[in-house]
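Chain residues, written in single-letter form:
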Amino acid sequence: MNCPYCGKNQSQVLDKRAVKSTGEIRRRRKCLKCTRRYTTYERLGDLEFYVIKRDGSRQPFDISKLRSGVVKALEKRPAFSRIEEIVSKIEKKLKSKDKKEVESKVIGQTVLTELKKIDSVAYLRFVSVYRQFKDPGDFSKELEQFKV
Ligand SMILES: [Zn+2]
């Protein structure tokens, strides 16, 4: 981001916050050359944060992996046609955290939160994979919260 006054591309970030409605990051900057202040709005690219896996390894965030998880959960469900909407909502939520690293469990939780709102069957499918259920009792515990 070049300074709009002198063109220098080195600045100090004074303040940053996520603009939730657009998924952008607003940064208040001070130019290191002319010291004038300006504001930038940046959209994070797909590779701008890393996922920390359960084993501690890091991987660049991959939207296609997220999408395939959601696709599996929503297969043959009425909400299947809304996949792109759901995936982009999850993506925006993750990016609005404005972090360089996000734990895979945080991503899982974000997906679960969104699926729970739209389809309880899709939610249960995803949760069974995500939590790697070891016995059927776990599954019925999850089911109980949907009983009316
Ligand atoms: Zn400047």
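Residues numbered from 1 in each chain as written. Predicted model: local features only at pLDDT ≥ 70, side-chain atom pairs only at ≥ 80, totals over all residues. Heavy atoms only, no water.

(A) Region of the structure containing unusual backbone geometry. The backbone phi angle of Thr35 is positive, close to 65°, even though this residue is not glycine. One can find Thr35 in the loop between strand 2 (24–31) and strand 3 (37–43). The class for Thr35 is partly exposed, based on a relative accessible area of 48%. Even without a glycine there, the phi angle at Lys76 is positive, about 60°. Tracing the backbone shows Lys76 in the loop between helix 1 (63–74) and helix 2 (83–95). Judged by its relative accessible area of 82%, Lys76 falls in the exposed class. (Helix = DSSP H or I, 4+ residues; strand = E, 2+ residues; numbered from the N terminus. Buried < 20%, exposed > 50% of the residue type's maximum accessible area, 1.4 Å probe, protein only.)

(B) Summary view of the nonpolar core. By size, the foremost hydrophobic cluster in this structure holds 25 residues, and its most contacted members are Phe61, Leu66, Val70, Leu74, Ile107, Val111 and Leu115. Contributing elements (two or more residues each) for this core: helix 1, helix 2, helix 3 (104–118) and helix 4 (120–130). Contacts of Val70, omitting those with residues within four sequence positions, involve Ile83, Ile86, Val87, Ile90 and Val111. (Core = buried A, V, L, I, M, F, W, Y, C linked by side-chain atoms within 4.5 Å. Contact = heavy atoms within 4.5 Å.)

(C) Layout of the packing of aromatic side chains. Counting across every chain of the model gives one aromatic pair. Pairing Phe49 with Phe61 gives two aromatic rings, centres 4.6 Å apart and planes at 20°, and the pair type is stacked. Placement of the pair is Phe49 in the loop between strand 3 and strand 4 (50–52) and Phe61 in the loop between strand 5 (58–60) and helix 1, with a sequence separation of 12 residues. When the ring centre of Tyr50 is taken as reference, the NZ or CZ atom of Arg58 above it lies at 4.3 Å. (Phe/Tyr/Trp six-rings, centres within 6.5 Å; stacked < 30°, edge-to-face > 60°. Lys NZ or Arg CZ within 6 Å of the ring centre and 35° of its normal.)

(D) Examining the coordination of the zinc ion more closely. Within the first shell, the zinc ion binds the protein through Cys3 (SG), Cys6 (SG), Cys31 (SG) and Cys34 (SG), at distances of 2.3 to 2.4 Å. Read in sequence order, the donor residues for the zinc ion give the motif C-x2-C-x24-C-x2-C. Within this pair, whereas Cys6 is found in the segment before strand 1 (11–19), its partner Cys34 is found in the loop between strand 2 and strand 3, the two being separated by 28 residues in sequence. (Donors = N, O, S within 2.8 Å, 3.2 Å for Na, K, Ca; no water.)

(E) Structural detail: the pairing of strand 2. Side chains Ile25, Arg27, Arg29 and Cys31 of strand 2 all project onto a buried face; the interleaved residues Glu24, Arg26, Arg28 and Lys30 project onto a face where none is buried. Relative to strand 2, strand 1 runs antiparallel, the two being bridged by eight bridges. Counted as the bridge partner of Lys16 is Arg27 from strand 2. (Pairing = 2+ DSSP bridges.)

(F) Main features of the layout of surface pockets. Roughly 730 Å³ of volume is contained in the largest pocket. Lining of the largest pocket is provided by 23 residues; of these, Lys53, Lys65, Ser104, Phe126 and Tyr130 occupy positions nearest its centre. Elements represented by at least two residues in the lining of the largest pocket include exactly strand 5, helix 1, helix 3 and helix 4. Of all the elements, helix 1 adds the most residues to the lining of the largest pocket, at six residues. When grouped by side-chain class, the residues that make up the lining of the largest pocket number 10 nonpolar, six polar and seven charged. (1 Å grid on protein atoms, 1.4 Å probe; cavity = no way out; pocket = protein on both sides within 12 Å on 5 of 7 lines; lining within 4 Å. Points joined across faces, edges and corners; volume = space filled by probe spheres on them. Nonpolar A, V, L, I, M, F, W, Y, C, P; charged D, E, K, R; others polar.)

(G) Examining the pattern of salt bridges more closely. Under the defined criterion, the tally for this structure stands at 11 salt bridges. Across the salt bridge formed by Glu85 and Arg82, the nearest N and O atoms sit 3.3 Å from each other. Here Glu103 and Lys105 are joined by a salt bridge, their closest N and O atoms 3.9 Å apart. When salt bridges that share partners are traced, they join Lys89, Lys93, Glu114 and Lys117 into one network. (Salt bridge = Lys/Arg side-chain N within 4 Å of Asp/Glu carboxyl O.)

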